[in-house]
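# Residue-level structure breakdown
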Protein chains: 2
Amino acid sequence: MEKRLKPMDAEQLREYGHKMVDFIADYYKTIENFPVLSQVEPGYLRNLLPDSAPNQPDSFQHVLDDIQAKILPGVTHWQSPNYFAYYPSNSSVAGFLGEMLSAGLNIVGFSWITSPAATELEMIVLDWLAKMLKLPEDFLSAGQGGGVIQGTASEAVLVVLLAARDKALRRVGKGALEKLVVYASDQTHSALQKACQIAGIHPENCRLLKANSSTNYALSPELLSETISQDLAIGLIPFFLCATVGTTSSTAVDPLLALGKFAKDRSALVQALSTNPEFLKNKASQANMVVDYKDWQIPLGRRFRSLKLWMVLRLYGLENLQCYIRSHIKLAKHFEDLVAQDTRFEVVTPRIFSLVCFRLLPPSNGEYHGNKLNHELLDAVNSTGNVFISHTVLSGKYILRFAVGAPLTEEKHVNAAWKVLQDKATALLGESLR
Amino acid sequence: MEKRLKPMDAEQLREYGHKMVDFIADYYKTIENFPVLSQVEPGYLRNLLPDSAPNQPDSFQHVLDDIQAKILPGVTHWQSPNYFAYYPSNSSVAGFLGEMLSAGLNIVGFSWITSPAATELEMIVLDWLAKMLKLPEDFLSAGQGGGVIQGTASEAVLVVLLAARDKALRRVGKGALEKLVVYASDQTHSALQKACQIAGIHPENCRLLKANSSTNYALSPELLSETISQDLAIGLIPFFLCATVGTTSSTAVDPLLALGKFAKDRSALVQALSTNPEFLKNKASQANMVVDYKDWQIPLGRRFRSLKLWMVLRLYGLENLQCYIRSHIKLAKHFEDLVAQDTRFEVVTPRIFSLVCFRLLPPSNGEYHGNKLNHELLDAVNSTGNVFISHTVLSGKYILRFAVGAPLTEEKHVNAAWKVLQDKATALLGESLR
Ligand SMILES: Cc1ncc(COP(=O)(O)O)c(C=O)c1O
Ligand SMILES: Cc1ncc(COP(=O)(O)O)c(C=O)c1O
């Protein structure tokens, strides 16, 4: 019989922690044995699990067995070398270690005092990151800038939109919400629209300007300035422009320089998001000697997130990280070459980073057929379980997306994926000729 | 020389993962050796770390040494048995294992298809939780209910407020935002105010009704109904009431039954938060066969969060979890008894759960002195590093909060904390008599 598991106990954490490390390492060792896109049917898990929590504890081995038998078949394996969908969301050895440590210390870093190291390390490594990206000096924490790791990209978009909204409303009066206008291209991530919805910006004041193949789906500065002039003429108030470096559909890059400069200034952010209840007051905060990240984000609480970034930067170093990204871009270029060599396919937009947008050309019977054909090709490829890719629509055309960059992906995986695509294309074209 | 660390590699993950488990287990073994409240000065870390990221990788041992020497002194130890501040935010062996697994699989569960198990397990274990809390049937996923683990409590408050706002605006027209009114007691967590700010509710329409000692700081239904009547009379539109079970200051419980019934219906939430960009479309979602949690929350992406809850429920079982909570309440009651036996102190509000609100009585010279005295007592106690408690203000009185519940806390830690409080009180009262 197993010993009773205590709420917390150093030696039990050690014993079971080692077992879990082995379980996860074995998962990575065998990750290619799973279909990369889970092939289960909706509702599959309901029948496999009891419908209420157990009264008595279960054994750790029993839980691990259930994970293997019941959970893993329902997992889509984002870390598989055969994963080419959406964008990669990579784990790494160093990142995993950082997550472990953050979960182990399990502090809540809303104010400086609740764990000074959490706030200070985050400020420091985000200065590192700003320098790595060669951002202007204003972005560093020494001046009016300074970085923060938001929980998600959607929250990041939302908080800057709120900062801009409240800054504009302080200028023009808070009754003017319905006059505020947001600009972006129609290729901008849906997170912006969601942020506008949340912030109460009227949907008809969200100008998602049409981008097309003439600019490779980047926002046109001329169209933008025209639209802004029209809005000003009818008394509306332009207050926010969202430019994208690498759109979600096709990695289009909006022309930042032509679109003008924007200042990031943390004070507007803090004004939009700060609260100061009595129970959180403390000497260091009251004296304005420290940054309290609770005022830079939606939530109050926050994990010790910077540990992960810090460990990734230190354990790999800048040069290895650069090589890593370049190797993905090289693999994408390799895939682009493969597509270009097969005349049944076309590359739809010029590849910029490590995403290739392509499609199978319709035999002759026009666009509608082309869309249906590529949709069928996508389903056929993904249901093999040997590769997972996703799609988008550009100018009405259904396009396949091949995003290279999972941590275990090598050239052989790209070649194998291309072979699956070619084989399924041959089968589909054969059918459509019959 | 160490081998070069690969982006991902099963055997390297195993090797370093084991080392990290040992590091974390050793941390828990020695956690009482650290001052529970970090005693560093603002800015301490800047001088200890380089000001840009390294070009070349660093060794894992070197990073671990830095964590020990530079990071841990800046950590406030939320898991220490001597932590009694704010509210506990507990790790547990099972929770830690769940976090490890979630970080190991590292999937992004925005839509069902991106990892069916992530969505389905979350629905199942939240049904378990609803049953554990004996919530009405409507809360279960089989009907119009169903649960979701939000990133934070603040996001949870925000998303329900947005759902209610948009439902109200659909009824009365979207120009009516400035007429919408929110109700809550002034003891409600600041997350509500922040949510109102974000949602664009005018600050003067947030009615934070005064709660006082006559109701033990719970919201008064009479005052609420009076205020609503007045608002209706001048054409305002009441649309949101936030009741709290266990306020942040003093665990006051608002009288839910008297405050009326509210229906949770997931459709309003999804209407307020859904987006459906082309690149995320897929068969299962389009056919409405599945839940896509992206439409129940602010962000798009999400971790496999339910693994943690599932492992905690299974590895401990309901009865042990109940015992665990009851043992914290018993320890708090023990502390309350200790305070009651020392006539120099008073228990300020009746203890309900595991928080004791108390203060040192001012010798004779009135309230102002009492507030200063307790503030000084707080600082004196926390600067020992042997205990960490926090404070609040109720009806103008500065109150000390003793929140029991860290995972390693036993009766001996409560007794030791009380001894520190008594000793520092003796010293302070001695000084104030001189
Ligand atoms: C009642 C209540 N609501 C909201 C919060 C904020 O939670 P989070 O940090 O998860 O946003 C807290 C945290 O103390 C709380 O006690
Ligand atoms: C450009 C862009 N913005 C926002 C998001 C949404 O990110 P999150 O899931 O972190 O909210 C994504 C995710 O794909 C993205 O590509």
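Residues numbered from 1 in each chain as written. Chains lettered and ligands numbered in written order. Predicted model: local features only at pLDDT ≥ 70, side-chain atom pairs only at ≥ 80, totals over all residues. Heavy atoms only, no water.

## As for the sheet that holds strand β6 (residues 390–394) of chain B
Residues and elements named next belong to chain B.
- With respect to topology, 4 strands assemble into an open sheet ordered β4-β5-β7-β6, the strand pairing being antiparallel. The strands lining the two open edges of the sheet, one partner per strand, are β4 (345–347) and β6. Across the sheet, the mean angle from the axis of one strand to that of its neighbour is 40°, orientation sign disregarded.
- Here β4 runs beside strand β5 (residues 355–360); their pairing, made up of 3 bridges, is antiparallel. Opposite E346, over in β5, you have R359 as the bridge partner.
- Strands in contact with helix α11 (residues 306–341) are β4, β5 and β7 (397–403); relative to β5, the strand with the most contacts, it is inclined by about 15°. (Pairing = 2+ DSSP bridges. Helix = DSSP H or I, 4+ residues; strand = E, 2+ residues; numbered from the N terminus. Axes fitted to C-alpha atoms, helices over the stretch in contact; angles between N-to-C directions. Contact = heavy atoms within 4.5 Å.)

## Re the domain arrangement of chain A
- When cut into domains, chain A gives domain 1 (1–29 + 45–74), domain 2 (108–302) and domain 3 (317–433).
- Each of domain 1 of chain A and domain 2 of chain A was reduced to a C-alpha centroid, and the two centroids are 41 Å apart. (Domains from an automatic or database assignment.)

## Structural notes on the interface of chain A and chain B
- Across the contact, 150 residues belong to chain A and 150 residues belong to chain B.
- Summed over both partners, the interface of chain A with chain B comes to about 13400 Å²; 65% of that surface belongs to carbon and sulfur atoms.
- Three residues, M8, F279 and R314 of chain A, lead the burial of chain A against chain B; their summed loss comes to 6% of the area buried on that side.
- Counting the contacts that link chain A with chain B gives 18 salt bridges. (Buried area = accessible area lost by both parts, 1.4 Å probe. Salt bridge = Lys/Arg side-chain N within 4 Å of Asp/Glu carboxyl O.)

## What to know about the layout of surface pockets
- The space that makes up the second largest pocket amounts to roughly 790 Å³.
- Along its surface, the second largest pocket is lined by 32 residues, and L177, G200 and I201 of chain A together with R165 and L177 of chain B are the ones closest to its centre.
- Along the lines of polarity and charge, the residues of the lining of the second largest pocket split into 12 nonpolar, 10 polar and 10 charged. (1 Å grid on protein atoms, 1.4 Å probe; cavity = no way out; pocket = protein on both sides within 12 Å on 5 of 7 lines; lining within 4 Å. Points joined across faces, edges and corners; volume = space filled by probe spheres on them. Nonpolar A, V, L, I, M, F, W, Y, C, P; charged D, E, K, R; others polar.)

## Description of the packing of aromatic side chains
Residues and elements named next belong to chain A.
- With the rule as written, the count across this model stands at 34 aromatic pairs over all chains.
- Considering the side-chain rings of Y27 and F34, the 5.9 Å spacing of their centres and the 45° angle between planes classify their relative orientation as tilted. The same class applies to Y27 as to F34, namely buried.
- The rings of F84, F335, F345, F358, F402 and W418 are connected pair by pair, giving a single aromatic cluster.
- Over the face of the ring belonging to Y87 we find R401, whose NZ or CZ atom lies 4.8 Å from the ring centre. (Phe/Tyr/Trp six-rings, centres within 6.5 Å; stacked < 30°, edge-to-face > 60°. Buried < 20%, exposed > 50% of the residue type's maximum accessible area, 1.4 Å probe, protein only. Lys NZ or Arg CZ within 6 Å of the ring centre and 35° of its normal.)

## A closer look at the relation of the copies chain A and chain B
- The transform that puts chain A on chain B rotates by 180° and translates by 0.0 Å along the axis, for an RMSD of 0.0 Å. Look at the turn and shift together and you get a two-fold axis relating the two.
- A share of 100% of interface residues in chain A that are also interface residues in chain B marks the association as one of identical surfaces. (Least-squares fit on C-alpha atoms with pLDDT ≥ 70 in both.)

## Overview of the site of ligand 2
- Close contacts around ligand 2 come from T152, A153, S154, H189, A191 and T248 of chain A together with P299, L300 and G301 of chain B, and that covers them all.
- S154 of chain A places a side-chain nitrogen or oxygen 2.5 Å from an oxygen atom of ligand 2.
- Between ligand 2 and L300 of chain B there is a distance of 3.2 Å, counted from an oxygen atom to a backbone nitrogen or oxygen.
- Starting from 400 Å² of accessible surface for ligand 2 in isolation, the protein chains cover 71%. (Near = heavy atom within 4 Å. Polar contact = N/O pair within 3.5 Å; in protein donor to acceptor, adjacent residues only side chain to side chain. Areas by Shrake-Rupley, 256 points an atom, 1.4 Å probe, with all protein chains shown as cover.)

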